[in-house]
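What the coordinates show
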Amino acid sequence: IDRSTQAGLVNMITWEPWLTAFRHGSVMDPDSCMLHVTRGDFDAYIKAWARAVVRSRKPILVRPMHELGNPWYAWSSPHGNSPKIQIDAWRHIVSIFREQGARNAAFVWTPYDVMDTLSWPGREWVDWVGLDIFNYGNMESENGWVDFKRLLEHHLEPVKHFGKPVILAEVGTTRY
C-alpha cells in the first residue's frame, strides 16, 4: 500500500465473504454467508480489518460483497440471500468500520444487474457506486460485440438516480 500511496493511487479492496476460508464451527452452508455476517459471527475479523485501515491512515476503497445478483457468488440473491439480508449485512460491515473510527475507508457498492438495485443499502451507507463492465463479444451468441459506450449506459442507467459518484471497478473484454 505504501508504494501505491506514494504514487498518488488509492487502493480498492474487493472483499468476498467466502466462508470456506474460515474455520468456524457453525459454517456448514456456504449459501448462508450473509446470515453469518449479520448475526455478527465474523465481527472480530471485520473489526481487525477496520482497525488496520485506521492504523494505515491511508485512504482506501472497500468493496464488500460485489455483484449481489451474480450466481457465481455465495452472497448473491440466487443463493437465497434476500435483498433485506444483503442490505443488513452491508450496513453491519459499514457500522463496524465507523465504530472503529475508519473514516479513511470509503465503501463501493457494486451491482451485477438491475435487480441488484433492490439491495441498495441507502445513500448514507454507500460512498461510491462501482460498475463491473465486461464485453464478452462473440462468446455470447445473442449479443456479440457491444461498444463500450452502450455497455456503460446499460450499467449506469439503473444506478445514476442514487446520486453517488461512480467508479469503474472492473472492466474486461475477450479477444473473441
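Here we take up the packing of aromatic side chains. Evaluation of the coordinates by the stated rule reveals 11 aromatic pairs. Ring centres of Trp18 and Tyr73 lie 6.0 Å apart, and the angle between their planes is 65 degrees; this geometry places the pair in the edge-to-face category. Here Trp18, found in the loop between strand S1 (11–15) and helix H2 (33–39), pairs with Tyr73, found in the loop between strand S2 (60–64) and helix H4 (83–99); they are 55 residues apart in sequence, far enough to count as distant. For Trp18, a relative accessible area of 32% gives the class partly exposed. Each ring, one from Tyr73 and one from Trp75, has its centre 4.6 Å from the other, and the planes form 10 degrees; the classification is stacked. By the burial criterion, Tyr73 is buried, and Trp75 matches it. Ring-pair connections join several aromatic residues into one group, and the members of that group are Trp15, Tyr45, Trp49, Trp90, Phe97 and Phe107. Between Arg98 and the ring centre of Trp125, over which it is positioned, the NZ or CZ distance is 4.9 Å.

With that settled, consider the environment of Trp145. Mapped onto the secondary structure, Trp145 falls in the loop between strand S4 (128–135) and helix H5 (148–156). C-alpha separation for the pair Trp145 and Thr174, spaced 29 residues apart in sequence, amounts to 9.5 Å.

Positive phi is not limited to glycine here, since Arg57 has a value of about 60 degrees. On the secondary structure map, Arg57 appears in the loop between helix H3 (43–56) and S2. A residue is classified by how much of its surface remains accessible, and Arg57, at 74% relative accessible area, is exposed. Unusually for a residue other than glycine, Met65 sits at a positive phi of about 50 degrees. Residue placement: Met65 occurs in the loop between S2 and H4. Exposure remark for Met65: the relative accessible area of 2% places this residue in the buried category.

Parameters and conventions
- Residues numbered from 1 in each chain as written.
- Predicted model: local features only at pLDDT ≥ 70, side-chain atom pairs only at ≥ 80, totals over all residues.
- Heavy atoms only, no water.
- Phe/Tyr/Trp six-rings, centres within 6.5 Å; stacked < 30°, edge-to-face > 60°.
- Helix = DSSP H or I, 4+ residues; strand = E, 2+ residues; numbered from the N terminus.
- Buried < 20%, exposed > 50% of the residue type's maximum accessible area, 1.4 Å probe, protein only.
- Lys NZ or Arg CZ within 6 Å of the ring centre and 35° of its normal.

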